[in-house]
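Structural description and commentary
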Amino acid sequence: MSNNASNSENVSSVTKIPTQDITDSNQAGLSADTPPKPQTIELYASRKKIYVKEIQGFFQRIRSISLWLLMGSYFLLCWINVNGQPLIHFDLPERKFHLFGTTFWPQDFILLSWLLIICAFGLFFITTLFGRMWCGYTCPQTAWTFVFMWIEERIEGSRNQRIKLDKAPNSTNKLLKKSLKHGAWLFVALATGLTFVGYFYPIRELVPDLFTFTVSSGWAYFWIAFFTLATYINAGWMREQVCLYMCPYARFQSVMFDQDTLTVSYDYQRGEPRGKRKKSADPVSSGLGHCVDCGMCVQVCPTGIDIRDGLQYECIGCALCVDACDQIMDKMNYPRGLISYATEKALEGSESHLVRPKSIGYLTALVLMVLAVVYSIATRIPLELDVIRDRGALYYTTPKGFIENTYTLKIVNMADTLREFDVTVEGLPGGFISTTTRVTIQSGEVASVPISVETDPANLKSTSHEITFYATAVDNPDTVADSDSRFLGPPPLL
Ligand code: SF4
Ligand code: SF4
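What you are looking at is a predicted structure, and each value in this text was computed from that prediction instead of being measured. (Residues numbered from 1 in each chain as written. Chains lettered and ligands numbered in written order. Predicted model: local features only at pLDDT ≥ 70, side-chain atom pairs only at ≥ 80, totals over all residues. Heavy atoms only, no water.)

Examining the side chain of Arg 356
Locating Arg 356 in the fold gives a position in the loop between helix H15 (344–347) and helix H16 (357–378). Of the residues examined, Arg 356 reaches a relative accessible area of 6% and is grouped as buried. A distance of 2.8 Å separates a polar side-chain atom of Arg 356 from the backbone oxygen of His 353. Setting aside chain neighbours within four positions, we find Arg 356 in contact with Thr 128, Leu 129, Asp 258, Asp 260 and Thr 261. (Helix = DSSP H or I, 4+ residues; strand = E, 2+ residues; numbered from the N terminus. Buried < 20%, exposed > 50% of the residue type's maximum accessible area, 1.4 Å probe, protein only. Polar contact = N/O pair within 3.5 Å; in protein donor to acceptor, adjacent residues only side chain to side chain. Contact = heavy atoms within 4.5 Å.)

Considerations on the site of ligand 1
Around ligand 1, the surrounding shell holds 13 residues, and the nearest of these are Cys 291, Cys 294, Gly 295, Cys 297 and Cys 325. Of all elements in the fold, only helix H13 (296–299) and helix H14 (320–332) reach the threshold of two or more residues within the shell around ligand 1. (Near = heavy atom within 4 Å.)

A word on the nonpolar core
Residues Trp 144, Val 264, Cys 321 and Ile 339 are the most contacted members of the largest nonpolar core, which totals 63 residues. In terms of residue count, H14 provides more of this core than any other element does, eight residues in total. (Core = buried A, V, L, I, M, F, W, Y, C linked by side-chain atoms within 4.5 Å.)

Regarding the sheet that holds strand E16 (residues 476–488)
What the four strands build is an open sheet, ordered E13-E11-E15-E16; its pairing is antiparallel. Since the sheet does not close on itself, it has two edges, and those belong to strand E13 (438–441) and E16, each with one partner. Adjacent strand axes in the sheet meet at a mean angle of 25°, parallel and antiparallel pairs treated alike. Pairing of strand E11 (residues 419–426) with E13 involves four bridges; the strand directions are antiparallel. Of the residues in E13, the one forming a bridge with Asp 422 is Arg 438. (Pairing = 2+ DSSP bridges. Axes fitted to C-alpha atoms, helices over the stretch in contact; angles between N-to-C directions.)

Regarding the site of ligand 2
If you check the shell around ligand 2, you find Val 264, Cys 301, Pro 302, Thr 303, Ile 305, Ile 307, Cys 315, Ile 316, Gly 317, Cys 318, Ala 319 and Cys 321 and nothing else. Considered class by class, the residues forming the shell around ligand 2 number ten nonpolar, two polar and no charged. (Nonpolar A, V, L, I, M, F, W, Y, C, P; charged D, E, K, R; others polar.)

Digging into the environment of Lys 279
Position of Lys 279 relative to the elements: it lies in the loop between helix H12 (268–271) and H13. Look past the residues within four positions of Lys 279 in its chain and what remains in contact with it is Lys 331, Met 332 and Asn 333. Within the structure, Lys 279 has its side chain in polar contact with the backbone oxygen of Lys 331 (distance 3.2 Å).

Some thoughts on the UniProt feature "transmembrane region" (unreviewed entry) in the chain
Per the UniProt entry, the sites bearing "transmembrane region" (unreviewed entry) are residues 65–82, 109–130, 183–201, 221–238 and 360–378 in this numbering. As a span, residues 65–82 carries 72% helix and 11% strand, and end to end its C-alpha atoms are 27 Å apart. (UniProt positions renumbered as here; feature names shortened; annotations may be inferred.)

The structure is reproduced here in structure tokens:
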């Protein structure tokens, strides 16, 4: 009996779960029959302006280099011409894409699709290994926001000065600073919009045409205005909101993470319990961890989060909090790395693996795809041939008694030079082309060539013969394209 009593005492002490009354004060005291009062849940959270503190450090230096380099490439590449052709030019009216000296046609669309797939796989591969490195170091939204923040800091001053300026009543100084900042932002935004359109309308023509109001398409004005506005709003006003609410990558990138993925992480074991203390205080004897709770990691964060709360989808992996915390650790004479790039396994004290099945899989797929695309581009024949059979008549009989079929050949010269092509036909016994067989086609032109094929009716073994047309470049017999068609005639002579 006493045994049972003590057992039940033990069980109740083990299984007792602490509870808390969470009944809404509005609902408290209502009987079971009384319907609950409707409540309004606010789904919209208004944006709190983030005043980001500028920070210097190892990762900020890397970011600065990569972001300025990318911005520089964006603004300069469209100005570079090779052999009179822009290095990158998406010529939509002509349906041609000039990329680094190679012209791609709508027929090459599959190659461009593969290039995009390769970029996506590259992103997955990098994410698996290094988390959101793309977001922190190369994403255009990050790059432009970085430049806009840089301008803001130069004009309005440091974080504290900016907070003070925003709180201050309107004055000439405030108006001047704000106008200067927005003017500079609009200038960068306009340059961005102009450059973007310059990839579709050669920029060396666009800039003079724009200022002389002789741009050939009114759409150019529309798109410049559109991209100017989009850049100004995204990088100047929305900033981290684009990453938090508009970017799909932020939402699905976590599925590529595993315990071996490097992410910006706070070492909870080492940092807690956090607390303020004097520099001379010994954290061990004061029962504190290494986090001095200075809030620097939050002040430098462009998305305004506290990395000490753990991995969050808002974190773009920029590592500015790492630089900030390292500076504090240096000041306190504590080892660096309270916030660092670390894997979940490393934080748990286990060994991490850079090489693992997932990363090998991504890398293998990536290498295979790159090789396939390089091979396709290297062996690509810049020539297309299409045959359209004349539907007006099945066949004609010529004055000489031959059977004749007529066709229209569409020959596309996809090379960057004028070329001559020989047209031949095979598959028809005794068949020959009775019209012209040599065609000269300008670079990028599509030639429509009427062709007549004739044969002696004695050669026909049936009413229909499969034939093949060939177009062969005169200067290089390896540049050849073919296309199948049919030759129709009367029933064979017995
Ligand atoms: S910067 Fe470092 S020390 Fe300061 S609050 Fe953040 S984690 Fe703690
Ligand atoms: S938590 Fe750190 S790494 Fe993440 S966005 Fe903020 S500053 Fe960048």
